[in-house]
Amino acid sequence: MYVCICNGYRDSEIEKTARAGGLTCPVKVYEALGSGPCCGICLPMAQDIIDGTHEKSACVPLPLAAE
Ligand code: FES
């Protein structure tokens, strides 16, 4: 799905770039993809995708063994 019409960025590209670079800011993700935002209308949606990406990849602690 296209998220940024100005740059033609898809949700999958945003997610992959945010995960690979550990990026949490949509502007930084766009710059890593090659071009920063233009109109900026897509930034809230991009932020939601990035936030979801990092939640999915967050480390889940294992339960500690009982003593
Ligand atoms: S739609 Fe993304 S900067 Fe315009």
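Not measured: the values here are computed from a predicted model. (Residues numbered from 1 in each chain as written. Predicted model: local features only at pLDDT ≥ 70, side-chain atom pairs only at ≥ 80, totals over all residues.)

Trainee: When you look at helix 2 (residues 26-33) in this model, what are you seeing that I'm missing?
Mentor: In an α-helix, one turn spans 3.6 residues; hence positions three or four apart end up facing the same way. Residues of helix 2 that are buried include every one of P26, V29 and Y30, and no others. Down the axis of helix 2, the buried set is contained in an arc of 100°. They therefore lie on one face. The secondary structure elements touched by the buried residues of helix 2 are strand 2 (9-10), helix 1 (11-21) and helix 3 (43-56). (Buried ≥ 20, exposed ≤ 12 C-beta atoms within 10 Å, placed from the backbone. Helix = DSSP H or I, 4+ residues; strand = E, 2+ residues; numbered from the N terminus. Arc of directions from axis to C-beta. Contact = placed C-beta atoms within 7 Å.)

Trainee: Just checking my understanding: could you explain the nonpolar core for this structure?
Mentor: Most often, soluble globular proteins have nonpolar side chains that are buried together. Of all hydrophobic cores here, the largest spans 11 residues; its members are V3, C4, Y9, I14, A18, V29, Y30, C42, A46, I49 and I50. Secondary-structure elements contributing two or more residues to this core are strand 1 (2-4), helix 1, helix 2 and helix 3. A total of 3 residues in this core trace back to one element, the largest contributor, which is helix 3. Ignoring sequence-local partners within four residues, the contact set of V3 consists of Y9, R10, D11, I14, C42, M45, A46 and I49. (Core = buried A, V, L, I, M, F, W, Y, C linked by C-beta atoms within 7 Å.)

Trainee: Even after reading the chapter, I still don't get the packing of helix 1 against helix 2, so can you show me in this structure?
Mentor: Geometry of a packed helix pair, given as the angle between the helix axes and the separation of the axes. It is the contact of helix 1 with helix 2, at a shortest axis distance of 9 Å, that shows an interaxial angle of 100°. As judged from the angle between their axes, helix 1 and helix 2 are roughly perpendicular. The residues of helix 2 that touch helix 1, namely those facing E13, I14, T17, A18 and G21, are V29, A32 and L33. Here the residues of the contact of helix 1 with helix 2 are counted per class, giving 5 nonpolar, 2 polar and 1 charged. (Axes fitted to C-alpha atoms, helices over the stretch in contact; angles between N-to-C directions. Parallel < 35°, antiparallel > 145°, perpendicular 65-115°, else oblique. Nonpolar A, V, L, I, M, F, W, Y, C, P; charged D, E, K, R; others polar.)

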